[in-house]
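Topology and contacts: notes
Below are the chains, spelled out letter by letter.
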Amino acid sequence: SQLLIKDLHFDGVPVRIYFPREPSVGKRRGVIFFHGGCGIFGSIRCYERICRYITRKSGSVVVSVGYHLAPEHKYPAQTLECLAATVHFLQTADTYGVDPARVIVCGDSAGGTYAASVCQELGHRAESPKVRAQVLIYPFLQALSFNLPSHQKNASTAFLSCDRVVHVILKYLNKDCSLKEPVLAGSHVPENMNLKYKKWISPDLIPEVFKLGYKPPLPASFLPQVHEEVQELFEARFSPLLAEDAVVCLLPDTCIITCEHDVLRDDGLLYKKRLEDNNVRVTWHHVQKGFH
């Protein structure tokens, strides 16, 4: 009774829009929400309660994006559809009673990946309206290393184990799951790439309080055939932590939410540091007893 809900398409992408029924004095804020699910499951319907809650509590117009799922729709279709829906909403915000200068993107897990990628893409598009801020809820941000402290600490945590993360990545990219063990070990990354990205992805960059009990793994043998099979993992679109500083410095204000009992915790911590190093304003919320 408090909301008006419409199902539409933005540039061919299914969306559900939630409007507060209570009249507004001026233009409302807008929230574009990308659901999680590793790009292979999840839906607008799964996130119905969350989007209704955000709409009611914030008084914003919320757009839930129903991007098409893999493997039927191959990567990077999901990222591109999230981008298309965002651009459409930014360009037509006035139509929905929304101030185009006060629109944020938000997503959880893989949805956080899409939010980060969309912001990176839009940052250097001079002709596009700008996103006001991004909210990344325990996002997946890199596939270079699965041997960070949070991977080790939460390797067997319920729901999202380290093994399952790599398994669903391979499923999402329609790869042979026999690649899982070498990717988990780090055999997909050549030494020169490890050296290049060590300044951004390394246990050394994780605060000591999050490294209790951490034991650095033995170096893995590089397997060129595995590297060739998983080239997508090294694209900034898939692993936003690999974006160059020239891209990161243009990002909007950011809120990052991490959970202690989550294999992806350190992705969020590393991105927080990268953003801060590039003078992007960051708000960080860490849920000490939280799970993915």
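Note that the coordinates shown come from a computational prediction; the quantities given were computed from them, not determined experimentally.

Once that is clear, we can look at the pattern of salt bridges. Opposite charge on two side chains allows them to pair when their charged atoms are near. Counted under the stated rule, the structure contains 18 salt bridges. In this structure, Glu 48 and Arg 16 form a salt bridge, with 2.6 Å as the shortest nitrogen-oxygen distance. With a gap of 32 residues between them, Glu 48 in helix 1 (residues 48-58) and Arg 16 in strand 2 (residues 13-20) connect regions that are remote in the sequence. A single salt-bridge network, built from bridges that share partners, covers Asp 7, Arg 16, Glu 48 and Arg 52.

What follows concerns the sheet that holds strand 4 (residues 61-65). As summarised here, the arrangement of the eight strands in space is 1-2-4-3-5-6-7-8, forming an open sheet in which the pairing is mixed. Each edge of the sheet is formed by a strand with only one pairing partner; in this case those strands are strand 1 (3-10) and strand 8 (282-291). Between one strand axis and the next, the sheet turns through 20 degrees on average, direction left out of account. Relative to strand 8, strand 7 (residues 253-261) runs parallel, the two sharing seven bridges. Paired with Cys 255 across the strands is Thr 283, a residue of strand 8. The sheet strands contacting helix 1 are strand 1, strand 2, strand 3 (28-34) and strand 4, and the helix crosses strand 2 at an angle near 40 degrees.

The rules behind these values
- Residues numbered from 1 in each chain as written.
- Predicted model: local features only at pLDDT ≥ 70, side-chain atom pairs only at ≥ 80, totals over all residues.
- Heavy atoms only, no water.
- Salt bridge = Lys/Arg side-chain N within 4 Å of Asp/Glu carboxyl O.
- Helix = DSSP H or I, 4+ residues; strand = E, 2+ residues; numbered from the N terminus.
- Pairing = 2+ DSSP bridges.
- Axes fitted to C-alpha atoms, helices over the stretch in contact; angles between N-to-C directions.
- Contact = heavy atoms within 4.5 Å.

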